[in-house]
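Fold and geometry: a report
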Amino acid sequence: MTRFLRLVGRDLRLALRQGSDATIAVMFFVLCVVLFPFGVGPEPNILARIAAGVIWVAALLASLLSLERLFQNDYEDGSLELLSLTTLPMEAVVLAKTLAHWLVTGVPLIVAAPLLAVLLNMSAEGFGILVLTLSVGTPILSLIGSIGAALTLGARRGGVLLSLLILPLYIPVLIFGAGAIDAALNGLTPRPHLLLLGGILAGALPLAPWASAAALRQAVE
Amino acid sequence: MPVFAGSELTCLRGDRLVFTGLDFRIAPGDALVLLGPNGSGKSSLLRLMAGLLKPLRGHLSWDDVPVPEDPDGHRARIHYVGHLDAVKPVLSAAENLAFWATLGGAADPRGNALRALERLGVPHIATVPGRYLSAGQKRRLNLARVLAAPAALWLLDEPTVALDRAAIALFEEIIAEHRAGGGMVAVSTHVDIAMPGARELHLDDFTPVPHDHGEDEDAPHEDDMEGEDAV
C-alpha cells in the first residue's frame with residue numbers, strides 16, 4: 001500500500017512539476033464550452049437546453065487529451081519495464097497511474113464545470129447534480145481511457161487511434177451523465193441515471209486495470 | 001544454497017530464432033558474462049532471466065523451483081539494468097533513486113539512495129534534476145539502483161556504456177562486494193569488466209543458423225521493429 005501511494009505521489013509530483021497537463025485539459029474544457037454560444041447563438045433558452053450535453057461532451061474530449069501520455073513517458077524511458085519487475089502487481093501500477101491522472105485532469109474539470117454552467121445559463125438546481133455526475137463520471141473516463149492508452153502504447157499516431165478506440169466506449173457515460181442532469185432540470189429524479197453511472201464505475205474499477213495491465217505486459221515484452 | 005539455472009532455453013524474437021538449446025547455471029558468488037556479437041541474444045537472455053520475456057521452450061528455475069510458479073518471489077530477488085536509464089527529468093537524482101528504492105522494498109529509501117550515490121562516486125548530483133545529468137551520470141544513477149535496495153541477482157545489460165574508466169573500476173569493486181556477500185551477477189558486455197572467476201557464456205554457440213552480419217540487429221532495435229509491426 002505504501003508503494004502504491006508512492007507511485008501515485010510520484011506521478012502527481014511529475015505532473016505538477018511539468019505543469020502542463022492539468023492546465024491544458026481544463027483550458028481546453030473551458031474553450032470548448034465557450035465556443036458553443038458563438039456557434040449556436042446567444043439565445044439563453046437554447047443554451048440552457050443544451051448546457052448539460054455540451055459540458056459533458058467537452059469533459060469527454062478534455063479527458064481524452066492527456067490520456068495518450070498516461071503510460072507513454074514511462075514506456076519510453078524504461079520506467080514501465082522496471083515497474084513491471086517490482087513486486088507491485090501491474091494492475092496496481094495501472095490503478096495508481098490512473099488515479100494520479102484523474103486527480104490531475106479530472107478534478108479540475110469538476111471544479112470548473114459550475115462556472116461554465118453559469119455561462120450556459122443552466123438553472124441553479126442543476127449545479128449540484130452536474131458536479132455529482134462529473135465526480136462519478138470522470139473517474140470512469142480515466143479508467144476506460146487507460147485501456148486505450150495501454151493498447152496504443154508504442155504505436156505511431158497512437159493519439160488518434162486512442163480517440164477512435166475510446167470515444168465509442170464513452171457513450172454510455174455520456175448518456176447517463178447528461179441524462180441525470182436533464183432529469184433533475186425537468187423535475188424528475190436523477191437517481192436511476194446516477195445508479196447506472198455508479199454501476200459503470202463499479203464495473204470499470206476492477207476490469208479496466210485488469211485489461212490495461214494485460215496490454216502493458218504485452219507492451220514491455 | 002539457491003542456484004539460478006536455465007535449461008534448454010529457446011528464444012524467439014519476431015520470427016527470428018535468436019538462440020536455442022541454451023543452458024546456464026549461476027550459484028551464489030558466481031558471475032556470468034554473456035559474450036557474443038550484436039544480435040546474438042545477450043539482451044534477450046537477460047530479459048528472459050528477468051521474466052520480461054517468456055522463453056519459447058525450456059525453463060528457468062531458482063533453487064529447483066520453476067520461476068513461473070513464483071513470479072513475485074522472482075521479481076523480489078532481481079535487479080535489472082537495461083539500456084534505458086529510467087531517469088525522470090523533473091525529479092532530482094535522489095528522488096529518482098529513492099522512488100525505486102521504495103518499490104524495491106528498502107526500509108529507508110532516502111538514506112539508501114544517498115548512500116548508493118555516494119558509493120558510485122556521485123554524491124554531488126543528489127539534488128540535481130534528471131534533465132541536467134550527463135549520460136554517464138544517468139548511467140551511474142541507474143546503477144546506483146542495484147545498491148539502493150537489496151536483491152540477490154543482478155542482471156546487467158551493458159552496464160558500462162557511457163561510464164568513464166574510474167566509474168568502471170568502482171563498479172567492478174561493487175560487483176566483487178556483491179559476489180563476496182553471496183550475490184549473483186549476470187552481465188552482458190563488450191568492454192572488459194574485471195570479474196575474477198567469472199564464467200563466460202558465448203551466445204553465438206547457440207545461434208541456430210550461421211550468423212548473418214547483413215542483418216545485424218541489436219535488441220532495442222528489434223523492439224522498434226516490433227512497435228512498427230503493431231501499427
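Refer to the structure printed above.
What you are looking at is a predicted structure, and each value in this text was computed from that prediction instead of being measured.

Residues and elements named next belong to chain B. Strand order in this open sheet of four strands is 2-1-4-5, and the pairing throughout is antiparallel. Bordering the open sheet on either side are strand 2 (16-26) and strand 5 (65-66), each of which pairs with just one other strand. Relative to strand 2, strand 1 (residues 4-13) is paired through seven bridges, and the arrangement is antiparallel. Note that in strand 2 the partner of R13 across the bridge is R16. Sitting on the sheet, helix 1 (residues 42-50) is in contact with strand 1, strand 2 and strand 4 (57-62), with an inclination near 120 degrees to strand 1.

Once that is clear, we can look at the packing of helix 4 (residues 109-119) of chain B against helix 5 (residues 135-148) of chain B. Helix-helix packing: each pair is described by the crossing angle between the helix axes and the interaxial distance. All names here are of chain B. Between helix 4 and helix 5, the shortest axis-to-axis distance is 8 Å and the interhelical angle comes to 125 degrees. By the criterion of interaxial angle, the relationship of helix 4 to helix 5 is oblique. Helix 5 is crossed by helix 4, and the crossing has right-handed handedness. Residue-level inspection shows N112, A113, A116, L117 and R119 of helix 4 in contact with helix 5, the latter providing A144, L147 and A148.

All names here are of chain A. If you check helix 7 (residues 125-151), its first and last C-alpha atoms are 40 Å apart, about what 27 residues at 1.5 Å a residue would give, namely 39 Å. At S135, helix 7 shows its largest kink, close to 25 degrees, and the proline P139 lies no more than four residues downstream. For helix 7, the buried fraction is high: 21 of the 27 residues fall into the buried class.

Each partner contributes to the interface: chain A provides 20 residues, whereas chain B provides 23 residues. Only helix 1 (2-18) and helix 5 (79-84) of chain A provide two or more residues apiece to the side of chain A that touches chain B. Counting residues per element, the side of chain A that touches chain B draws most heavily on helix 1 of chain A, which supplies six residues. When grouped by side-chain class, the residues that make up the side of chain A that touches chain B number six nonpolar, six polar and eight charged.

With that settled, consider the nonpolar core. Nonpolar side chains in soluble globular proteins tend to end up buried together. Counting 133 residues, the largest nonpolar core has I55(A), L97(B), L117(B) and L155(B) as its most contacted members. For this core, the element with the most residues is helix 6 (residues 90-119) of chain A, which contributes 14 residues. Contacts of L155(B), omitting those with residues within four sequence positions, involve L46(B), M49(B), A50(B), I78(B), H79(B), Y80(B) and A186(B).

All names here are of chain A. Taking 1.5 Å as the rise per residue, helix 6 with 30 residues should run 44 Å; its terminal C-alpha atoms sit 42 Å apart, in good agreement. If you look at helix 6, its biggest bend is around 35 degrees, right at L103. Positive backbone phi, approximately 65 degrees, marks N121, located one or two places after helix 6.

Looking along a regular strand, one sees side chains alternate from face to face of the sheet. Residue and element names in this part refer to chain B. The side-chain alternation of strand 6 (residues 78-81) yields two buried faces, one formed by I78 and Y80 and the other by H79 and V81. Across four bridges, strand 6 lies against strand 7 (residues 153-157) in parallel orientation. Bridge pairing in strand 7 links I78 to L153.

What follows concerns the packing of helix 7 of chain A against helix 9 (residues 191-220) of chain A. Residue and element names in this part refer to chain A. One way to put it is that helix 7 packs onto helix 9 with a least axis distance of 8 Å and a crossing angle of 20 degrees. Classified by the interaxial angle, the pair formed by helix 7 and helix 9 is roughly parallel. In the packing of helix 7 onto helix 9, the handedness of the crossing is left-handed. Here the contact of helix 7 with helix 9 is built from residues that sort into 20 nonpolar, five polar and no charged.

Cut-off values and rules
Residues numbered from 1 in each chain as written. Chains lettered and ligands numbered in written order. Predicted model: local features only at pLDDT ≥ 70, side-chain atom pairs only at ≥ 80, totals over all residues. Pairing = 2+ DSSP bridges. Helix = DSSP H or I, 4+ residues; strand = E, 2+ residues; numbered from the N terminus. Contact = placed C-beta atoms within 7 Å. Axes fitted to C-alpha atoms, helices over the stretch in contact; angles between N-to-C directions. Parallel < 35°, antiparallel > 145°, perpendicular 65-115°, else oblique. Left-handed = near helix turned anticlockwise from the far one by under 90°. Expected span 1.5 Å × (residues − 1). Bend = angle between axes of the 7 residues up to and from the residue. Buried ≥ 20, exposed ≤ 12 C-beta atoms within 10 Å, placed from the backbone. Nonpolar A, V, L, I, M, F, W, Y, C, P; charged D, E, K, R; others polar. Core = buried A, V, L, I, M, F, W, Y, C linked by C-beta atoms within 7 Å.

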